[in-house]
Amino acid sequence: MENTPEKTEKTEKTEKVIRRLADLNTLVSLSKRRGFVFQSSEIYGGLGSCWDYGPLGSLMKLNVKRAWWNAMTRRSDIVGIDAAILMHPTVWKASGHVDGFSDPLVDCKDCKTRFRADNTDSYLTKKQCPNCGSKNLSEERQFNLMFKTHMGPLEDSASVVYLRPETAQGHFVNFMNCQQSSRYKIPFGIAAIGKSFRNEITPGNFIFRTREFEQMEMQYFVKPGTDEKFFNEWKERRLQFYLKYGIRQESLRFKPHDKLAHYARAAVDVEFNFPMGFSELEGIHNRSDFDLSQHAKFSGKNLEYFNEAEKEKYVPYVIETAVGCDRLFLAFMCDAYREEVTKDEKGAEDVRTVLAFHPDIAPIKVAVLPLSKKEDLTKIAEPLRDQLAEDFDTQYDEAQSIGKRYRRQDEIGTPFCVTVDFDTINDQAVTVRHRDKMTQQRVPIKELNGYIAAGLKNWNSTT
Ligand code: ATP
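Here the structure is a predicted model, which is why all the values come from computation and not from measurement.

A. Seen up close, the overall build of the protein. Scanning the protein from N- to C-terminus turns up 14 helices and 25 strands. Dimensions of the protein along its principal axes, counting C-alpha atoms only, are 75 × 65 × 45 Å. A buried classification covers 51% of the 463 residues belonging to the protein. Across the protein, contacts joining residues at least 24 apart in sequence account for 66% of those joining residues at least 6 apart. Summed over its atoms, the accessible surface of the protein is roughly 22,400 Å², and 48% of this surface lies on carbon and sulfur atoms. For the protein, the separation between the mean place of its 67 positive charges and that of its 67 negative charges on side chains is 2 Å.

And the structure:
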């Protein structure tokens, strides 16, 4: 690439001050205004805790999933699957969900608030209603979180099926299919991304806890005795994944579980500092041989692994990593959001809102901004948009001043803006502006796709 002089626009000569980080209301309203996330069925007044991903949100969610999927499956020891949401009802008996997947529920007899007994502070400490303070409360009763429906035309007890509350069971029941078809040897893993459903008693905090959500789970099958080593390896790998995609170290922490499930040998949450405080983003568990042994027992099939080299047979242990796609989406938004005060040379202040996403996560990679709507420029800018769209998610914006258009792109996290100006007519080059550094460079149109691709890949060193 030619060595071209760097240009810096006047209004963008900045003294940056990070004014404030995001709170949840700010993110909810930005999400709606810019098309990341909308309330489900909004014109009917909305449906509690259900959300729709809009034009930008759906793009970004695909990016979140792609980042996770590539990290998991572009290895020589993990395969991906896409299992059905509906499964044989006995799966949920074997897994323990029919008998045990419940939360303790309490009703306030005065204000009718219904809440979870196990994580409501005012109830745990004072035995009072979190809403009105009343002590006139029902007994605790167990409430099963699985959604039930019926398969086929008869709504009788024989036709009951469940919407899966986790994707993991699809991995366990396909353990032999995946192992035999891929011919992978242990240790190896199965990864999947898919919708899960839980009839949560108290959903909330935007997309943090919903009743329909997407999970990204990986089950790694290992020889008993090596489980502790792989548990520690996966903890480290998952931490590195978050750091790679720009989550700040100080926003993350590991929290070991105080109480372990009876089958679990170890469990730790990766917590993220959401606006409401540190909360679970991902669970990493050593599940022993519980799942495969249960499915072997209930299905009558032998799910032992045979190691030919050592002539040994065993039921593998499972190390599980399970993260919610929606929670990770929210975490990316929280960590990327900032409001910066920029000052021009005369000292006039301007505030810009930036979603400083890692470029792989940003929904739009590059925006094409013709300086004017005159045909002289649009006849270059429109084909340029098509040229870029062959390789990148691209936006075209010709409305209002260039400064306003830069701000609009900053607010949705677009790494590069490309300005087509009157010089372009003569020099066949455009100005490329970097979201974070706000530096500008003149780049020949014929080199633009390569320049943007390299810039996205080497984001930190790009000027
Ligand atoms: P929590 O304690 O928050 O209810 P959990 O421990 O029941 O979560 P897991 O069963 O380990 O969660 O599920 C793995 C991941 O799936 C969680 O870390 C979270 O990111 C996501 N997840 C679980 N329940 C929900 C939900 N209701 N809404 C959105 N994401 C969820």
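Having put the structure on the table, let's press on.
B. Representation of the pairing of strand S15 (residues 277–286) in the model. With eight of its 10 residues buried, S15 lies for the most part within the structure. As defined by bridge partners, strand S14 (residues 266–274) adjoins S15 across nine bridges and the pair is classed as antiparallel. Looking at the pairing, valine 270 lines up with glutamate 282 of S15. Turn length for the S14-S15 hairpin, with the two strands adjacent in sequence and antiparallel, is two residues. In the sheet, S15 pairs with strand S18 (residues 317–324) via five bridges, with the strands oriented antiparallel. Bridge pairing in S18 links glutamate 282 to valine 323.

C. Spatial organisation of the layout of surface pockets. By volume, the second largest pocket is sized at about 1,000 Å³. Surrounding the second largest pocket, 41 residues form its lining, Lys244, Tyr245, His358, Pro359 and Asp360 being those nearest its centre. Mapped onto the lining of the second largest pocket, the elements with two or more residues apiece are helix H2 (55–73), helix H8 (227–244), helix H10 (325–336) and helix H14 (448–457). Among the elements that line the lining of the second largest pocket, the one with the most residues is H2, at eight residues. In terms of residue class, the lining of the second largest pocket is built from 18 nonpolar, eight polar and 15 charged.

D. Up close: the sheet that holds S14. With mixed pairing, seven strands are arranged side by side in an open sheet as S5-S11-S12-S18-S15-S14-S13. Strands with a single pairing partner mark the edges of an open sheet, and in this sheet they are strand S5 (78–80) and strand S13 (252–256). Direction aside, neighbouring strands of the sheet carry axes that sit 25° apart on average. Contacts from helix H7 (residues 175–182) reach S5, strand S11 (188–197) and strand S12 (212–222), with the element oriented near 135° to S11. Against the sheet, H8 touches S5, S12, S13, S14, S15 and S18, its axis set at about 145° to S15.

E. Geometry of the side chain of arginine 34. Mapped onto the fold, arginine 34 is located in helix H1 (residues 24–34). Judged by its relative accessible area of 18%, arginine 34 falls in the buried class. Reaching out from arginine 34, the side chain makes a polar contact with the side chain of glutamate 411 at a distance of 2.9 Å. Sequence-distant contacts of arginine 34, defined by excluding residues within four places in its chain, comprise Leu56, Arg408, Glu411 and Ile412.

F. Examining the site of the ligand more closely. Around the ligand there are 16 residues in total, and Glu200, Arg209, Thr210, Glu280 and Leu281 lie nearest to it. Residue phenylalanine 208 places a main-chain N or O atom 3.4 Å away from a nitrogen atom belonging to the ligand. Within the complex, 84% of the 590 Å² of free accessible area of the ligand lies under protein. Going through the elements one at a time, S12, S15 and S18 are the ones with two or more residues in the shell around the ligand.

G. Structural view of the packing of H2 against H8. Two elements in contact, H2 and H8, have axes whose closest approach is 12 Å; the angle formed by their N-to-C orientations is 145°. Like other packed secondary-structure pairs, H2 and H8 cross with a definite hand, here right-handed. Across from Ala67, Trp68, Ala71 and Met72 in H2, the residues of H8 making contact are Trp234, Arg238 and Phe241.

H. Broad picture of the pattern of salt bridges. In the structure shown here, the tally under the stated rule is 32 salt bridges. Lysine 61 is the partner of aspartate 326 in a salt bridge, and the nearest nitrogen-oxygen pair spans 3.5 Å. Of this pair, aspartate 326 sits in helix H10 while lysine 61 is found in helix H2, placing the two residues 265 residues apart along the sequence. Look at aspartate 326 and you get buried, because its relative accessible area is 7%. By relative accessible area, lysine 61 is classed as buried at 7%. Across the pair glutamate 320 and arginine 287 runs a salt bridge, and its minimum N-O distance is 3.6 Å. Here glutamate 320, found in strand S18, pairs with arginine 287, found in the loop between S15 and helix H9 (290–299); they are 33 residues apart in sequence, far enough to count as distant.

I. The nonpolar core, seen in detail. With 58 residues, the main nonpolar core has Phe36, Leu328 and Phe357 as its most contacted residues. If you tally residues by element for this core, the top one is H10, at nine residues. Not counting chain neighbours up to four residues away, the residues in contact with leucine 328 comprise Val64, Met216, Phe241, Tyr242, Leu281 and Val323. Counting 20 residues, the second largest nonpolar core, distinct from the first, contains Val368, Phe416, Val432 and Trp459.

J. A look at the environment of histidine 262. Take histidine 262: it is sitting in the loop between S13 and S14. Given a relative accessible area of 71%, histidine 262 falls into the exposed group. When the C-alpha positions of histidine 262 and arginine 287 are compared, they lie 9.4 Å apart, and in sequence the two are 25 residues distant.

K. Spotlight on H7. Here H7 has its buried residues at Phe175, Met176, Cys178 and Gln179. Down the axis of H7, the smallest arc covering the buried residues is 165°, so these residues share one side. Counted as exposed and oriented over 90 degrees from the buried face of H7: Gln180 and Ser181. The positive-phi residue at the C-terminal boundary of H7 is arginine 183, with phi of around 60°.

The rules we used
- Residues numbered from 1 in each chain as written.
- Predicted model: local features only at pLDDT ≥ 70, side-chain atom pairs only at ≥ 80, totals over all residues.
- Heavy atoms only, no water.
- Helix = DSSP H or I, 4+ residues; strand = E, 2+ residues; numbered from the N terminus.
- Buried < 20%, exposed > 50% of the residue type's maximum accessible area, 1.4 Å probe, protein only.
- Contact = heavy atoms within 4.5 Å.
- Areas by Shrake-Rupley, 256 points an atom, 1.4 Å probe, with all protein chains shown as cover.
- Lys, Arg positive; Asp, Glu negative; His and termini not counted.
- Charge placed at Lys NZ, Arg CZ, Asp CG, Glu CD.
- Pairing = 2+ DSSP bridges.
- 1 Å grid on protein atoms, 1.4 Å probe; cavity = no way out; pocket = protein on both sides within 12 Å on 5 of 7 lines; lining within 4 Å.
- Points joined across faces, edges and corners; volume = space filled by probe spheres on them.
- Nonpolar A, V, L, I, M, F, W, Y, C, P; charged D, E, K, R; others polar.
- Axes fitted to C-alpha atoms, helices over the stretch in contact; angles between N-to-C directions.
- Polar contact = N/O pair within 3.5 Å; in protein donor to acceptor, adjacent residues only side chain to side chain.
- Near = heavy atom within 4 Å.
- Left-handed = near helix turned anticlockwise from the far one by under 90°.
- Salt bridge = Lys/Arg side-chain N within 4 Å of Asp/Glu carboxyl O.
- Core = buried A, V, L, I, M, F, W, Y, C linked by side-chain atoms within 4.5 Å.
- Arc of directions from axis to C-beta.

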